[in-house]
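# Descriptive analysis of the structure
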Amino acid sequence: MTEDQNTERRREQLYQLLGRLPDRSRAIREELVAVEERPTCIVEHLYLDLNGIEQVPAYFLRSKAQASEKAPLIIYHHSHGGRYKVGKEELFEGAPYLLAPYYGEALTAAGYSVLAIDSWVFGERSGRSESSVFKEMLWHGRSLLGMMLFDSLRAVDYAVSRPDVDGSRIGTLGMSMGSTMACWLSALDTRVKVTVDLCCMTDYHALMESGGLDLHGLYYYVPDLLTHFTTSQVQSLIAPRPHLSLAGNLDTLTPTSGLELIDQALRRVYEAQGASDAWKLSRYEVGHEENAVMRQEVMEFLNKWL
């Protein structure tokens with residue numbers, strides 16, 4: 001078995017651990033419900049049939065600054081923070097731990113289009129509690145993270161079907177829960193060429209050792225994951241594609257001992273694939289938050305690689 005074949009086998013194994021997911025071959029139906037103009041972009045309000053179970057509300061932001069008919073695209077993943085009513089609105093409303101201007105404006109001002117969906121139990125899908133949906137999905141052999149990621153994978157399927165998206169220039173970005181979503185999406189889907197995650201790069205074993213399991217939401221936990229994967233092994237499936245991770249040394253969700261382990265492991269992985277400059281972990285003396293220097297680093301990384 002070649003190294004590429006082994007990587008694909010591991011990627012499929014990771015996908016299978018997510019549980020009984022819907023049929024991915026179903027056609028995606030799109031409903032455009034409104035169009036809104038904002039200073040830096042045109043916002044399409046959409047309902048997408050991604051999973052055959054419930055409609056997925058989405059925003060597609062077309063940058064007014066895009067340089068060609070086909071624009072590079074960022075798949076944006078909103079955070080958790082117990083802010084269930086917000087979801088994709090985070091692009092414009094932000095969060096207490098995000099820097100203004102928020103990413104809806106920042107990304108489109110830089111010429112990127114953006115696609116964001118409401119994850120299960122968030123935004124327009126927040127009618128039920130996270131715990132009740134998590135429990136029901138377990139009964140059906142599903143995981144909440146798996147169903148969230150399934151919608152994100154299908155969102156990429158939708159994105160590459162659009163004539164105004166450059167399918168060779170897709171990146172993904174998120175903060176907190178959005179960080180986890182961005183990393184897993186990229187690990188599972190090689191169409192994502194650049195990954196940026198903020199404040200949730202967590203080594204699972206270090207989290208257990210620090211007693212921090214309750215700091216993450218229920219969505220985070222996938223049955224039997226640790227039998228097969230460490231955090232570093234999940235993240236290694238992104239290599240050799242560019243990946244920037246930003247973390248706070250004071251963030252209890254991401255123990256520093258685990259950050260060091262992940263950084264060491266991924267440095268070896270990227271070096272072995274001749275892509276040492278494509279992995280970077282930047283650590284700041286902050287908690288679970290983004291600051292101005294972090295934002296600058298995010299935008300510079302996207303501009304360099306996408």
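Heads up: the structure comes first, above all this text.
So, here is what we can say about the structure in this document. (Residues numbered from 1 in each chain as written. Predicted model: local features only at pLDDT ≥ 70, side-chain atom pairs only at ≥ 80, totals over all residues. Heavy atoms only, no water.)

## A word on the environment of Leu246
Take Leu246: it is sitting in strand S8 (residues 243–248). As a C-alpha pair, Leu246 and Lys280 span 34 residues in sequence and 8.4 Å in three-dimensional space. Ignoring any residue separated from it by four or fewer positions in sequence, one finds Leu246 in contact with Val196, Asp197, Leu198, Cys199, Ser282, Tyr284, Met294, Glu297 and Val298. (Helix = DSSP H or I, 4+ residues; strand = E, 2+ residues; numbered from the N terminus. Contact = heavy atoms within 4.5 Å.)

## Here we look at the packing of aromatic side chains
Within the structure shown, the criterion is met by eight aromatic pairs. On the basis of an interplanar angle of 50° and a centroid distance of 6.0 Å, the ring pair of Tyr59 and Phe92 is categorised as tilted. Here Tyr59, found in strand S3 (residues 56–63), pairs with Phe92, found in helix H2 (residues 90–93); they are 33 residues apart in sequence, far enough to count as distant. A relative accessible area of 18% means that Phe92 is categorised as buried. With centroids separated by 5.4 Å and ring planes inclined at 80°, the aromatic side chains of Tyr220 and Tyr221 adopt a geometry described as edge-to-face. (Phe/Tyr/Trp six-rings, centres within 6.5 Å; stacked < 30°, edge-to-face > 60°. Buried < 20%, exposed > 50% of the residue type's maximum accessible area, 1.4 Å probe, protein only.)

## Some points on the sheet that holds strand S1 (residues 29–38)
With respect to topology, nine strands assemble into an open sheet ordered S1-S2-S3-S5-S4-S6-S7-S8-S9, the strand pairing being mixed. Edge positions in the open sheet fall to S1 and strand S9 (279–284), since each of these has one partner strand only. Neighbour-to-neighbour, the strand axes of this sheet turn through a mean angle of 20°, independent of strand direction. Sheet topology places S1 next to strand S2 (residues 41–49); nine bridges connect them, and they run antiparallel. Across the sheet, Glu31 pairs through a bridge with Tyr47, a residue of S2. Running at roughly 160° to S9, helix H10 (residues 256–272) makes contact with S8 and S9 of the sheet. (Pairing = 2+ DSSP bridges. Axes fitted to C-alpha atoms, helices over the stretch in contact; angles between N-to-C directions.)

## Quick look at a nonpolar patch on the surface
On the surface, a cluster of nonpolar side chains totalling about 240 Å² of accessible area is made up of Met208, Leu213 and Leu226. Along the polypeptide, Leu213 turns up in the loop between helix H7 (204–209) and helix H8 (225–228). Judged by relative accessible area, which is 38%, Leu213 ranks as partly exposed. (Patch = residues over 30% accessible without salt bridge, like charges linked within 9 Å, V, L, I, M, F, W, Y side chains within 5 Å. Areas by Shrake-Rupley, 256 points an atom, 1.4 Å probe, with all protein chains shown as cover. Salt bridge = Lys/Arg side-chain N within 4 Å of Asp/Glu carboxyl O.)

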